[in-house]
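# Breakdown of the fold
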Amino acid sequence: MSRRAYRILPTDATSFHPRLLGTRGAVASNSNLSASAGADILKAGGNAIDAAVAASLVEGVVNPQMHTIGGECPILVRLAGESRVIAVNGNMAAPARATPEAFLARGLSDVPDSGILAAGVPATFGALVTALQRWGTLPFAAVVAPALELAKNGFPVSEGLRNQHRFGIAAMRPRFEAEWPGSAQLYLPGGRVPEVGERFRNEALARTFDYLARAKDPLEAFYQGEVAAEIARFSKDRDGLLAREDLAAFETRIEAPAALKLGDTELFKTGFWSQGPAELQTLALMWQFDLKRIGFGTPDYCHLLIEAMKLAYADREQYYGDPSQTWVPGELLLSDEYTRRRAALIDMRRANRELRPGDARRNAARLPEDEKLTPKDWGAGTVHVDAVDAQGNMASFTPSGAWISSAEVIGPLGFPLSVRMMTFYLAPAHHPNVVAPGKRPRTTLTPSMAFRNGKPWMAFGTMGGDNQGQWLLQFYLCRAAFGMSIPEAIEAPRLSSEHTPGFFAPHASEPNRVRIEPRLGTKVLDELRRRGHELDVAPDWTEGFVSCAAYDEDTGLIEAGCDPRGAKSHCFPAFAMAW
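Along each chain, the written sequence defines residue order, and numbers are assigned to residues from 1. Confidence filtering applies because this is a predicted model: local features only for residues at pLDDT of at least 70, side-chain atom pairs given and counted only at 80 or more, and all residues used for totals across whole chains, interfaces and linings. In computing side-chain values, all of the structure's heavy atoms are included and hydrogens and water are not.

## Re the overall build of the chain
On a plain count of helices and strands, the chain comes out with 21 helices and 19 strands. The size measure is the radius of gyration over C-alpha atoms, and the globule rule it meets is 2.2 Å times the number of residues to the 0.38 power. A globule of 579 residues ought to have a C-alpha radius of gyration of about 25 Å, and the chain, at 23 Å, matches this closely. Across its three principal directions, the C-alpha atoms of the chain cover 70 × 60 × 45 Å. Exposure classes here rest on a 1.4 Å probe applied to the protein chains alone. A residue is buried below 20% of its type maximum, exposed above 50%, and partly exposed in between. The buried share of the chain, taken over its 579 residues, is 64%. Computed by Shrake-Rupley with a 1.4 Å probe, the accessible areas treat only the displayed protein chains as cover when residues are assessed. Counting only carbon and sulfur atoms, one obtains 50% of the accessible surface of the chain, whose full area is about 21100 Å². Here the chain contributes 62 positive and 66 negative side-chain charges, whose respective centroids are spaced 3 Å apart. Under the DSSP-based scheme used, a helix requires at least four consecutive residues in state H or I and a strand at least two consecutive residues in state E, with every element numbered from the N terminus. His residues and chain termini do not enter the charge count, which takes Lys and Arg as positive and Asp and Glu as negative. Charge positions come from single atoms, namely NZ of Lys, CZ of Arg, CG of Asp or CD of Glu.

## What to know about the pattern of salt bridges
Any carboxyl oxygen of Asp or Glu within 4 Å of a side-chain nitrogen of Lys or Arg constitutes a salt bridge here. Per the counting criterion, the structure on display carries 39 salt bridges. Its salt-bridge partner being Arg175, residue Glu179 comes within 3.3 Å of it at the nearest N-O pair. Under the relative-accessibility criterion, Glu179 is labelled partly exposed at 45%. A salt bridge links Glu527 to Arg531; the shortest N-O distance between them is 2.8 Å.

## What to know about helix H4 (residues 124–135)
Its twelve residues give H4 an end-to-end C-alpha distance of 16 Å, which sits within 8% of 16 Å, the value for a rise of 1.5 Å per residue. Burial of H4 is extensive: ten of the twelve residues sit out of reach of the surface. All buried positions along H4 are accounted for by Thr124, Phe125, Gly126, Ala127, Leu128, Val129, Thr130, Ala131, Leu132 and Trp135. A helix's residues, less one, multiplied by 1.5 Å, set its expected span.

## Notes on helix H17 (residues 336–343)
Among the residues of H17, those classed as buried are Tyr338, Thr339, Arg342 and Ala343. The arc that holds the buried residues of H17, viewed along the axis, is 130 degrees, so those residues lie on one side. Whether two residues are in contact is decided by their heavy atoms: any pair within 4.5 Å suffices. Check the buried side of H17 and you find it contacts helix H13 (276–286), helix H15 (299–319) and helix H16 (330–333). Working note: the arc is built from the helix axis to C-beta atom directions.

## Let's talk about the pairing of strand E12 (residues 448–452)
Of all five residues that make up E12, four are buried, and the element is covered over most of its length. For two strands to be treated as a pair, DSSP must find no fewer than two bridges joining them. Sheet topology note: the strand E9 (residues 265–269)/E12 ladder contains five bridges and is antiparallel. If you follow Phe268 over to E12, its bridge partner there is Met449. Between E12 and strand E13 (residues 455–461), which follow one another and run antiparallel, lie two residues, and Asn453 among them has a positive phi close to 55 degrees.

## Section: the environment of Phe503
Within the secondary structure, Phe503 is located in the loop between strand E14 (495–497) and strand E15 (513–516). Taking the relative accessible area as the measure of exposure, Phe503 reaches 3% and is therefore buried. The contact partners of Phe503, leaving out residues within four places of it in the chain, are Gln275, Arg316, Met422, Thr423, Arg442, Thr443, Thr444 and Asp466.

## A closer look at the side chain of Glu317
Tracing the chain through its elements places Glu317 in helix H15. Since its relative accessible area comes to 1%, Glu317 is described here as buried. We define a polar contact as two N or O atoms separated by no more than 3.5 Å, with the added condition that, inside protein, one atom must be a possible hydrogen donor and the other a possible acceptor, whereas residues neighbouring each other in sequence contribute only through side-chain atom pairs. Separated by 2.7 Å, the side chains of Glu317 and Tyr425 make a polar contact.

The values reported here are purely geometric and, on their own, carry no functional implication.
In structure tokens form, the structure reads like this:
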């Protein structure tokens, strides 16, 4: 044995990233530049909310293939010394003219998945400034300063921004040149795709930030001032539905979160307008089984996870929507009796190909076939920021939407609009997510916060569309059921199910299809196939992009973690720090 070795034990079970520990603060995000901005705000005397707002604004500059301020940003906040979690409904609202008839009259069978017809009122800016004004300590001009500086003076183009599959500038170049001159002018300087590491500037966005920073009321300046006027002009010129009156009428809602206690932990999610509660339903179903006996990563664990997700996400499809405009039986969906009845449907020996929502009106395990809202074709980018400060303030922000791949950049403003309306349905009329004036579309975005033994524990989240909730509940299980550390839980192999109709038009699905990382092992993959699952074996390190910040109220210990999958997948340079 070598006398010069620094380690002689196997490294197979050790994490790539170390535990990042501190006592003063932590920030985790999808870019080293945004994490650094959040840390700078904390070190300058701001709190976790200030830091999360600053980091989110920077994310919208440096990762525009994943998010810009024209999108959405659901938020969870825990304030120092309090035992509650607060939810901010950072979801867009449909324009007053957005009706099924408006789309059908244009010959459309779905809300388009890109372009101006899918644009609603941008919600990110309202959510960020509302959180800042209510619970932050610094003025908007201070927290926007890092994003403004990067937009004005430039930042190095990342691998993901240039080359990300389907979303990066290189992939979008043909569409920019053919259809979206505003995007081409900004993201193809000199008519070419910028190189990785090349300094990139967004001077129009810098001017927008400067205008908002100088405004007496940033919210009024955005939703009723020059920004609103420019958005409305852009929409009108392209025959969109969004009008200035829609922006002026928009309000950011403060809400109670959805929550569920599991053992000595409690998980908090945004409401049933998001897919967050489907995580709670899945976990409640799995908690009916002896998870410790089953063990992490075994064939039984993977099978149970998949079958429980199928049931929970079938309920998501059947019942979730904007509670202000549709009936959502949230209390029953999370009830013990309903959960027990639904759990009895799980066959541990065989995968089930059906879409099986429960009957929330009759508190029964299965809904009659003629009442299912199954799409006819059934069968065939986001970022996240977590921040914690030494006082115990915790923030979980999930900015998303207004990706540069989804809509043309508004030239004078430097950002595109979100197309989140594409998650709406046009029929049937009684669907909980049918489009309607002022309605908030149900969304994949799902920030997370958890308590342990009644005390704050961690804030976490991920990007990933329909898969966000699936990846997050697996991270949570690794922590809550199997006692893994943050880096162990983040780096554990994961899977996702494509069984349930997707959020995004045309709402397609693939019954029994599972995308799975091969690190789970040949024995697991073979047994899942034997039980009837159709496996799509993914490249390793591609299923999920979780970040986390944790706080121990008893010791003052603070911890942060980020996912190596961000870099391995060429999506974004995920980064975390604690000090």
